[in-house]
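Notes for the structure review
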Amino acid sequence: MSVPWRRALVIGNWKMNLSVSMAAHTARSIAALVRDAPDREVAIAPPFTALTTVGAAIAGGPLVLAAQDLFWEEEGPYTGEISGPMLAEVGVRYVLVGHSERRVFLGETDRNVSHKVAAALRAGLHPVVCVGEDLEARTAGRQGQVVRDQVARSLDGVPRHEAARLAMAYEPIWAIGTGRAATPADAAEMHSLIRNELGAIFGESERSIRILYGGSVGEKNADDLMSRGEIDGLLVGGASLRPAEFGRIAGFRGL
Ligand code: PGA
């Protein structure tokens, strides 16, 4: 597990799943399994429609509310978008930014991502910036360069004193929803590379930035992944819709 000054973070990303009533039910089931613990923090990211209801369902407990995206403006004529202040108002703490599904299906660029990161910070939220190479880049051995560039461009303009509020998620696209997770060793290698890049950008302030791994995390590989010092947490998609499994993932033993 990560160094002691970085509290581990496990986020369940529900993506475009669950009705409001099912989301509340699932949130309550997960809340019943998550204990307050000094060494870890557990969050769930429901779709926008369920944020308020899920927030009420988990209020007063250790489970934290997260969102899957935000827009870079505060308010105005941006049909369909949701702003940072709107998320903060309903109790959101973490917000995913630049998930690969948004990059692939909606054409989100590193430049968009950097604007969203700035907006999240302005709103007092904690952005979780997602990066990761596709299969083509991995096959060509270009994953290091691709991810380094994504990190540098996605964090463009973030001031050093804001670094403590950032988290990163390394999610190789070929591992998302495929059942083919990166090995703990391969993930750790990429996490080190990302941490070096964070050091180049933020200097010593990189020490407080958590780097999560995501992509086919389940109860079978969570402990192994979290036993690596380079891995500070997990971003869990499919398995986070299954409360018992997500509870076991969030209960990782680490080192
Ligand atoms: P997965 O998704 O766990 O279903 O692979 C992870 C993610 O996209 O965040």
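Quick look at the structure, then. Quick caveat: nothing in here was measured; it's all calculated off a predicted structure. (Residues numbered from 1 in each chain as written. Predicted model: local features only at pLDDT ≥ 70, side-chain atom pairs only at ≥ 80, totals over all residues. Heavy atoms only, no water.)

To continue, consider a nonpolar patch on the surface. Together, V104, F105 and L106 line one region of the surface with nonpolar side chains, adding up to about 370 Å² of accessible area. Structurally, L106 can be placed in helix 4 (residues 100-106). (Patch = residues over 30% accessible without salt bridge, like charges linked within 9 Å, V, L, I, M, F, W, Y side chains within 5 Å. Areas by Shrake-Rupley, 256 points an atom, 1.4 Å probe, with all protein chains shown as cover. Salt bridge = Lys/Arg side-chain N within 4 Å of Asp/Glu carboxyl O. Helix = DSSP H or I, 4+ residues; strand = E, 2+ residues; numbered from the N terminus.)

Around the ligand, 13 residues are found, and the nearest of them are K15, H99, E171, G177 and S216. Between an oxygen atom of the ligand and a side-chain N or O atom of H99, the distance comes to 2.7 Å. Within the backbone of G238, one N or O atom sits 2.9 Å away from an oxygen atom of the ligand. Against a free-state accessible area of 280 Å², the protein chains account for coverage of 94% of the ligand. (Near = heavy atom within 4 Å. Polar contact = N/O pair within 3.5 Å; in protein donor to acceptor, adjacent residues only side chain to side chain.)

All chains considered together, the criterion is met by three aromatic pairs. Chaining the aromatic ring pairs together yields one cluster made of F71, W72 and Y78. In this structure, R40 is placed above the aromatic ring of F252, and the distance from its NZ or CZ to the ring centre is 3.8 Å. Residue placement shows R207 over the ring face of W5; its charged tip is 4.3 Å from the ring centre. (Phe/Tyr/Trp six-rings, centres within 6.5 Å; stacked < 30°, edge-to-face > 60°. Lys NZ or Arg CZ within 6 Å of the ring centre and 35° of its normal.)

Take the side chain of E108 next. As for its position among the elements, E108 is in the loop between helix 4 and helix 5 (110-122). Its relative accessible area of 8% is what places E108 among the buried residues. Those residues in contact with E108, other than ones at most four positions away along the chain, are D69, G98, R102, R103, V113 and K116. (Buried < 20%, exposed > 50% of the residue type's maximum accessible area, 1.4 Å probe, protein only. Contact = heavy atoms within 4.5 Å.)

Pairing in this closed barrel of eight strands is parallel, and the strands run 1-2-3-4-5-6-7-8 around the ring. Direction aside, neighbouring strands of the sheet carry axes that sit 25° apart on average. Bridge count for strand 1 (residues 8-13) against strand 8 (residues 233-236) is four bridges, and the pairing is parallel. What sits directly across from I11, in strand 8, is L235. On the sheet, helix 5 packs against strand 4 (94-97) and strand 5 (126-131) and is oriented at approximately 160° with respect to strand 5. (Pairing = 2+ DSSP bridges. Axes fitted to C-alpha atoms, helices over the stretch in contact; angles between N-to-C directions.)

Let's shift gears to the packing of helix 7 (residues 143-154) against helix 8 (residues 184-202). Look at helix 7 against helix 8: their axes get within 10 Å of each other, and the N-to-C directions meet at 40°. At the point where helix 7 passes helix 8, the crossing takes the right-handed sense. Packed against helix 7, whose contacting residues are Q143, G144, V147, R148, V151 and A152, the element helix 8 presents M190, L193, I194, E197, L198 and I201 at the interface. Partitioned by chemical class, the residues of the contact of helix 7 with helix 8 number eight nonpolar, two polar and two charged. (Left-handed = near helix turned anticlockwise from the far one by under 90°. Nonpolar A, V, L, I, M, F, W, Y, C, P; charged D, E, K, R; others polar.)

Before going further, it helps to examine the pattern of salt bridges. Considering all chains together, one arrives at 21 salt bridges under this definition. With a closest N to O distance of 3.1 Å, R40 and D39 form a salt bridge. The buried category is assigned to R40, whose relative accessible area is 14%. Across the pair E41 and R210 runs a salt bridge, and its minimum N-O distance is 3.3 Å. Separated by 169 residues along the polypeptide, E41 in strand 2 (residues 40-45) and R210 in strand 7 (residues 210-214) bring together distant segments of the chain. Classification of R210 by relative accessible area gives buried; the value is 12%. Bridged by salt links that share partners, the residues R6, R195, E206 and D232 form one connected network.

What follows is about helix 2 (residues 51-58). Residues of helix 2 that are buried: L51, V54, G55 and I58. All buried residues of helix 2 lie within an arc of 105° about the axis, which places them on one face of the element. Residues of helix 2 that are exposed and angled more than 90 degrees away from the buried face: T52 and A56. (Arc of directions from axis to C-beta.)

The next thing to look at is helix 5. Compared with the 18 Å implied by 1.5 Å per residue over 13 residues, the 18 Å span of helix 5 between its first and last C-alpha is a close match. Those residues of helix 5 that fall on the buried side of the exposure criterion are D110, N112, V113, S114, K116, V117, A119, A120 and L121. Summarising the contacts, the buried residues of helix 5 are in contact with strand 4, helix 4, strand 5 and helix 7. Of the residues trailing helix 5, G124 is marked for its positive phi of about 80°. (Expected span 1.5 Å × (residues − 1).)

It is worth spelling out the environment of G251 at this point. Along the chain, the position of G251 falls in the segment after helix 10 (243-250). Separated by 148 residues in sequence, G251 and R103 place their C-alpha atoms 31 Å apart.

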